[in-house]
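The lines below spell out each chain.
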Amino acid sequence: MHNFRRKFIAAGALALSLGLGAVSAMAQEFINVLTGGTSGVYYPLGVALSEIYGKGIEGARTQVQATKASVENLNLLQQGKGEIAFALGDAVKLAAEGNTEAGFPGKLDKLRGVAAIYPNYIQIVASKESGIKTLADLKGKSLSVGAPASGTELNARAIFAAAGLKYEDLGRVEYLPFAESVELIKNRQLDATLQSAGLGVASIRDLATSVPINVVAVPAQDVAKIGSPYLSVTIPKGTYEGQTEDVATAAVGNFLITHADVSDETGYQMTKLLFENLDQLTAAHSAAKAIDMAKALDGMPVPLHPGAERYYKEKGLVK
């Protein structure tokens, strides 16, 4: 009898542990959304995405992580420390190639594509009193180029190389996030800032309402020298207070990227829910207006996640 009771308790404990295992497996669908600085575009879109996934994916717990954006996000994905991330196309390409100068330890072979989303406009803005109107005018002046080896700073390097400029030509280079760069310009401690973000980014809107600004053009011939994935685009007049003319610049596509260890079903749901909730993303930031399923595969620098691929097959975008 005693022996039977022991077996019964053991069996009960096993059943309990199996039951708990099933429950925790359900609750363990954890989605960490990797974004950027809180004053950029990635962050508000990431918050909206985490809410969409929290509601739409059964048993999912979501969180949003503010980061230094593209380069850090891609390194975190490779380490399995995030499930979906925002990143600039050129950073994704350099990550897949294992470009160490750009801040990658080697080829990031686990990166998988979810969708091309909206273009980042490279926006170079100077205080009017600095007298900076062209790229050549930056010589001897102070400029913030974004956090070191961030997607923004990689864009700055590419633009400078195409324009025949070097960081050494500047009076001073600062490696600061968007909001801090703007504060320094307001306080007359910095002449200009280069920000790679969606149009109407909060930091530059804030700057333009505080001090008179010049938006500095990146001419089409310079953009052509860089080539893919850079495109020649226009910042329409009136995007920022006091901007009375259209200004030519470069754009680089943004992507949502995941990694190979995310389940096919989760990859599928993340892709599907993105396109089914574009109104919620647009409410979070107007840059999301440019997200278009017809362009979701344009310029994708890494292989598609199998779950995303399944969704695009259903929609007829992938044969």
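Here the structure is shown first, and the text comes after it.
The rules behind each value
Residues numbered from 1 in each chain as written. Predicted model: local features only at pLDDT ≥ 70, side-chain atom pairs only at ≥ 80, totals over all residues. Heavy atoms only, no water. Helix = DSSP H or I, 4+ residues; strand = E, 2+ residues; numbered from the N terminus. Buried < 20%, exposed > 50% of the residue type's maximum accessible area, 1.4 Å probe, protein only. Contact = heavy atoms within 4.5 Å. Areas by Shrake-Rupley, 256 points an atom, 1.4 Å probe, with all protein chains shown as cover. Lys, Arg positive; Asp, Glu negative; His and termini not counted. Charge placed at Lys NZ, Arg CZ, Asp CG, Glu CD. Axes fitted to C-alpha atoms, helices over the stretch in contact; angles between N-to-C directions. Parallel < 35°, antiparallel > 145°, perpendicular 65-115°, else oblique. Left-handed = near helix turned anticlockwise from the far one by under 90°. Nonpolar A, V, L, I, M, F, W, Y, C, P; charged D, E, K, R; others polar. Salt bridge = Lys/Arg side-chain N within 4 Å of Asp/Glu carboxyl O. Pairing = 2+ DSSP bridges. Phe/Tyr/Trp six-rings, centres within 6.5 Å; stacked < 30°, edge-to-face > 60°. Core = buried A, V, L, I, M, F, W, Y, C linked by side-chain atoms within 4.5 Å.

Draft legend 1. Looking closely at the overall build of the chain. Along the backbone of the chain there are 11 helices and 10 strands. For the chain, the spread of C-alpha atoms along the principal axes amounts to about 95 × 45 × 35 Å. Relative to its 319 residues, the chain shows a buried fraction of 48%. Residue pairs at least 24 apart in sequence account for 74% of intrachain contacts in the chain once pairs closer than 6 positions are excluded. When the accessible surface of the chain is split by element, carbon and sulfur atoms take 54% of a total near 14500 Å². The chain carries 30 positive and 32 negative side-chain charges, and their two centres are separated by 4 Å.

Draft legend 2. Up close: unusual backbone geometry. One non-glycine residue with positive phi stands out, namely Ala69, at about 75 degrees. Take Ala69: its relative accessible area is 16%, and that puts it in the buried class. Here the phi dihedral of Arg188 falls at roughly 60 degrees; this positive angle occurs in a residue that is not glycine. Mapped onto the elements of the fold, Arg188 is located in the loop between helix H6 (178-186) and strand E7 (192-197).

Draft legend 3. Broad picture of the packing of helix H9 (residues 264-276) against helix H11 (residues 306-314). Closest axis-to-axis distance for the H9/H11 pair is 6 Å, and the angle between their directions is 50 degrees. Looking at the two axes, H9 sits oblique to H11. Remark: the crossing between H9 and H11 carries right-handed chirality. Touching Asp264, Glu265, Gly267, Tyr268, Thr271, Lys272 and Phe275 of H9 are Pro306, Gly307, Ala308, Arg310, Tyr311, Tyr312 and Glu314, all from H11. The residue makeup of the contact of H9 with H11, split by class, is six nonpolar, three polar and five charged.

Draft legend 4. Here's a closer look at the pattern of salt bridges. Within this structure, the stated rule accounts for 11 salt bridges. Two residues, Asp206 and Lys186, come together in a salt bridge whose shortest N-O distance is 3.1 Å. One end of the pair, Asp206, is in helix H7 (residues 202-210); the other, Lys186, is in helix H6, and 20 residues separate them in sequence. Salt-bridge contacts for Glu309 lead to Lys313; the nearest nitrogen and oxygen are separated by 4.0 Å. With Glu309 and Lys313 both in helix H11 and four residues apart, this pair spans about one turn of that helix. For Lys313, a relative accessible area of 44% translates into the label partly exposed.

Draft legend 5. Structural detail: the pairing of strand E3 (residues 84-88). Of all the five residues making up E3, five are buried; the element is thus mostly covered by neighbouring parts of the structure. Side-chain alternation along E3 places Ile84, Phe86 and Leu88 on one buried face and Ala85 and Ala87 on a second face that is also buried. With two bridges connecting them, strand E1 (residues 29-34) and E3 associate as parallel partners. Each bridged residue has a counterpart across the sheet, and for Val33 the counterpart in E3 is Ile84.

Draft legend 6. Representation of the packing of aromatic side chains. What the rule picks out here adds up to seven aromatic pairs. On the numbers, 5.5 Å between centres and 80 degrees between planes, the contact of Phe160 with Tyr167 is edge-to-face. Take Phe160 and Tyr167: they sit in the same class, and that class is buried. With centroids separated by 5.8 Å and ring planes inclined at 65 degrees, the aromatic side chains of Tyr311 and Tyr312 adopt a geometry described as edge-to-face. Grouping residues by exposure puts Tyr311 and Tyr312 together as buried.

Draft legend 7. Highlighting the nonpolar core. Grouped together as the largest cluster of nonpolar side chains are 100 residues, with contacts concentrated most on Tyr53, Leu74, Ile257, Leu281 and Tyr312. Per element, the largest residue contribution to this core is 11 residues, and it comes from strand E4 (residues 111-127).

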